[in-house]
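# Summary of structural features
Each chain, written out:
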Amino acid sequence: MAANEGKITIGQYLLTRLEQLHVKSMFGVPGDFNLGFLDLIEDHKTIDWVGNCNELNAAYAADGFARVAQSVNSRTIGVVVTTFGVGELSAINGIAGAFSEHIPVLHIVGVPSTVQQKTRPLLHHSLGDGRFDAYTKAAEQVTASQAVLMDTQTAASQIDRILKECVIWSRPVYLALPTDLVDAYISSAPLQSHFELDPPLNDKDIESYVLDEIVRRVDNAGGDVALLVDACAIRHRVVPELHELMHATGFPIYSTPMGKSIVPEDYERFGGIYTGAITQPAVLNKVESAKLIISVGALKSDFNTGNFTYHVPPTATVELHSDHTKIGYAMFPDIRMKYLIPKLSDRLKQYSGGALQVSIPKWRNVVPDEHTDAITHAWLWPKMGSFFRPKDVIVAETGTSSFGAPEIALPRDTIYVSQILWGSIGWAVGSALGAAIAAKQRGLGRTCLFVGDGSLQLTVQELSTMIREKVRAIIFVINNKGYTIERYIHGMERKYNDVADWRCTSLLSTLGGIEDKTCRSYTVRNKGELSTLLEDETFGKADGIQLVELIMDKFDAPETLKREVEMSQKASSYSPN
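Residues numbered from 1 in each chain as written. Predicted model: local features only at pLDDT ≥ 70, side-chain atom pairs only at ≥ 80, totals over all residues. Heavy atoms only, no water.

So, about the packing of aromatic side chains. Applying the stated criterion across every chain, the model contains 16 aromatic pairs. Plain terms: the ring middles of Phe27 and Phe65 are 5.8 Å apart, the flat faces sit at 65° to each other, and that makes the pair edge-to-face. Placement of the pair is Phe27 in strand E2 (residues 25-28) and Phe65 in helix H3 (residues 55-72), with a sequence separation of 38 residues. Judged by relative accessible area, which is 0%, Phe27 ranks as buried. (Phe/Tyr/Trp six-rings, centres within 6.5 Å; stacked < 30°, edge-to-face > 60°. Helix = DSSP H or I, 4+ residues; strand = E, 2+ residues; numbered from the N terminus. Buried < 20%, exposed > 50% of the residue type's maximum accessible area, 1.4 Å probe, protein only.)

This is the structure:
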C-alpha cells in the first residue's frame, strides 16, 4: 500500500472543496508566504489563477465574481489570495465591503510557518513586536468566521467549517494557511461525505404560527398586498422561492435599488424601484398605499431607502429574512425565509384573483425630449436602457451611476451589480473584472461598467487585467471633472472635489491593449455622437474591451441623487458651502 494512499495535501484539500463549490477563478497577488499554494492553483485543471495589480483590486474582483456567479449558481463564492501582513491589510477594505453587503468571499492568507508563529522571530511583513496574530484580529472585525491552521489533525474540519459559514451566511471568511502546511498530508475521507450547506431548519410549531399570522394579515388587507424585494433575497439564495411566490400570488412586486434585477423587470406584475421619498411618484403612491407590505431580504441602509424615508408603518409590514421573521413589532428568531417562502406560496395563492385586479405602474424607459444636445443624466440612463440586452451584466459605481442606473428598465435575465451600502469609490472597476470573468465562464453577455472619472483613478490598473483576460467589457467613463456626489454633499466649487483630467482614450493602449485590434476607445461629447455609437453593430458586439468617455457637465447629476443629498444634508452637521 502506498504511504499516502487515502490522503491528500492540505492545499489540495482546500482546492477540491472550492472546486465542489464551483469556484473557477481565484484572484490575488503573489507574496513569499503564499507562493507554494499558488503553484497548486496554477497547476489545477479547473481553477484559473487571475493575478491582480494590487490586493485591494483583487478583493474587489472576488466580490464582483461572487455577485455574478451567485446569480447563476447560488452556492459558489469568490476567493482572494494574499500574503501575510502587507498583502492582507491591503485587501481589508474590499473584504469589509463584502461583509457589509453580504457577499460570500474566502480570503486565503499565506502566513509564516507554524514554527515561526510559535517562536515569533523579527520577520519581514510583521509589526516587529512579535504580534503575529494582529492581522487575524483585524480580520475578525470584517469576516464572519476565521481559521488559522496550525496542525494536520484539525485542518480539514477548520476548512470545512469556514466554507460552510461563508456559503450559509453569505459573508466573507478568513483562512490563514502556513507555508509548512500547504503540502502536509491529511485524510481525504471528508471529501467523500455530504457537504451540508443549508441553514438550520425552522422550528415547525413556531413556523406554523408565523404562517397563520401572515395569512391572517393578508386576509385582513383584503389581498391588497405588495411584495418588496431587496438584496438579501439573492445573497441568501431565495430567488427561486421568491419567483414562485410572486407567480403564485400575483401580488404587485417592487424592488429596492440594492435588489434591482432580482425580479425580471419585464414581468407584468413588476412595478418599479422603491427608494422611499425619492421614488417616482406613481411607484411611491402604489407601494405606500398598499395595506400590507411583504418585504423579502431587506437591507434598510440610507441610500437604499431614500435616507430612511419609508412611509410604511411597521404594523403594515411583514419582513422575511435569512435568520428571522418580523411581523409588525413581533420578532421570530430563526424562522428563515428559505423554508418559509415556499409554504407561503401555497397558503397565499388563494388571493391571486384579487391581487391581479390591482393595477401597477408601467416600468419602462422614457427618453426625455430635451432642448440641448449635451449628454445629461436625465437623458443618459433611459437611453442606455435600449442598448442593454438579455444576460448583460451591468456594474454601477458609487456616485452618479449608482443613482442613475436603478431608474433603467432592464431586459430579462440582466444582472445588475452595485455597492450601495459600503460605497467604496473605485470598487466598480475591480468588481467589473470579477463580474466579467464570471460572466464569461457562465455564458452570459457583455459586462457594462459605468464609472466616474474620479473613481476610475483609484483602481484603473485593473483595466490591464481585463485586457489580459480577454473579457467582453464596455467601460463607460463619466468625465465630469471630479467627484460629483461629493460636490452635492459639500464643497460644490472646492478644488478637493476636482481630479486631474486624464486622456481616457489612451488608457487601454497604455495598459497593454492594441487599439483597433484588442481594444477600442471612443469619446462622445453630445447626444448625437452617443446615439450613433450605441447603434453601431460592431460596437454592440463588444468582441473585445471597449472604453467610452462620456463628456458631461460637472454640475449635472441624477434627480434621485440631488433629492437624496438634500435629505442627507438635513441630518448632517455641515454648514452650507
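Moving on, we come to a negative patch on the surface. On the surface, Asp39, Glu42, Asp43 and Asp183 cluster together to form a negatively charged patch. With respect to the helices and strands, Asp183 occurs in the loop between strand E7 (173-178) and strand E8 (185-187). (Patch = residues over 30% accessible without salt bridge, like charges linked within 9 Å, V, L, I, M, F, W, Y side chains within 5 Å. Areas by Shrake-Rupley, 256 points an atom, 1.4 Å probe, with all protein chains shown as cover. Salt bridge = Lys/Arg side-chain N within 4 Å of Asp/Glu carboxyl O. Lys, Arg positive; Asp, Glu negative; His and termini not counted. Charge placed at Lys NZ, Arg CZ, Asp CG, Glu CD.)

As a further point, take the sheet that holds strand E10 (residues 253-255). The sheet built from 7 strands is open, its strands ordered E11-E10-E9-E12-E13-E14-E15 with mixed pairing. The sheet terminates laterally at strand E11 (270-273) and strand E15 (330-333), the two strands that pair on one side only. The sheet shows a mean angle of 15° between the axes of neighbouring strands, direction not considered. Both E10 and E11 contribute to a ladder of 2 bridges, which runs parallel. In the strand pairing of E11, Ser255 is matched with Ile273. Helix-sheet contacts for helix H8 (residues 204-220) involve strand E9 (225-229), strand E12 (292-296), strand E13 (317-320), strand E14 (324-327) and E15, and the interaxial angle to E14 is about 35°. Against the sheet, helix H10 (residues 239-249) contacts E9, E10 and E12, and its axis sits at roughly 160° relative to E9. (Pairing = 2+ DSSP bridges. Axes fitted to C-alpha atoms, helices over the stretch in contact; angles between N-to-C directions. Contact = heavy atoms within 4.5 Å.)

In the contact formed by H3 and helix H4 (residues 86-100), the axes pass within 7 Å of each other and the chain directions differ by 30°. If you check the angle between H3 and H4, you find them roughly parallel. Note that H3 runs across H4; the crossing there is right-handed. Packed against H3, whose contacting residues are Glu55, Leu56, Ala59, Tyr60 and Asp63, the element H4 presents Gly87, Ser90, Ala91, Asn93, Gly94, Ile95, Gly97 and Ala98 at the interface. (Parallel < 35°, antiparallel > 145°, perpendicular 65-115°, else oblique. Left-handed = near helix turned anticlockwise from the far one by under 90°.)

We now examine the environment of Glu196. Structurally, Glu196 can be placed in the loop between E8 and H8. Taking the relative accessible area as the measure of exposure, Glu196 reaches 34% and is therefore partly exposed. Put simply, Glu196 and Lys164 are 32 residues apart on the chain and 7.3 Å apart in space, counted from C-alpha to C-alpha. When near neighbours in sequence (up to four residues on either side) are disregarded, Glu196 contacts Lys164 and Ile168. Engagement of the side chain of Glu196 in a polar contact is seen with the side chain of His194, the distance being 3.4 Å. Reaching out from Glu196, the side chain makes a polar contact with the backbone nitrogen of Asp198 at a distance of 3.0 Å. (Polar contact = N/O pair within 3.5 Å; in protein donor to acceptor, adjacent residues only side chain to side chain.)

Our next topic: the pairing of E14. Summarising the sheet, E13 and E14 pair through 3 bridges and their orientation is antiparallel. Each bridged residue has a counterpart across the sheet, and for Leu320 the counterpart in E14 is Thr325. Between E13 and the antiparallel strand that follows it, E14, lie 3 residues. In terms of strand pairing, E14 meets E15 through 4 bridges, oriented antiparallel. Its bridge partner lying in E15, Ile327 is registered against Ala330. What sits between the antiparallel neighbours E14 and E15 is a turn of 2 residues, in which Gly328 has the positive phi angle 60°.

Moving on, we get to unusual backbone geometry. Here His102, not a glycine, exhibits a phi torsion of approximately 60°, which is positive. By the secondary structure assignment, His102 is in the loop between H4 and strand E5 (105-111). Positive phi values are uncommon outside glycine, yet Asn307 reaches one of about 60°. Look at Asn307 and you get buried, because its relative accessible area is 16%.

So, about the side chain of Asp453. Turning to its location among the elements, Asp453 is positioned in helix H17 (residues 453-459). Buried charge without a partner: Asp453 forms no salt bridge, and the closest opposite charge is Lys481, 6.6 Å away. Within polar-contact distance, the side chain of Asp453 engages the backbone nitrogen of Lys481 at 3.0 Å. In this structure Asp453 touches Val477, Ile478, Asn479, Asn480, Lys481, Gly482 and Val499, once residues within four positions along its chain are discounted.

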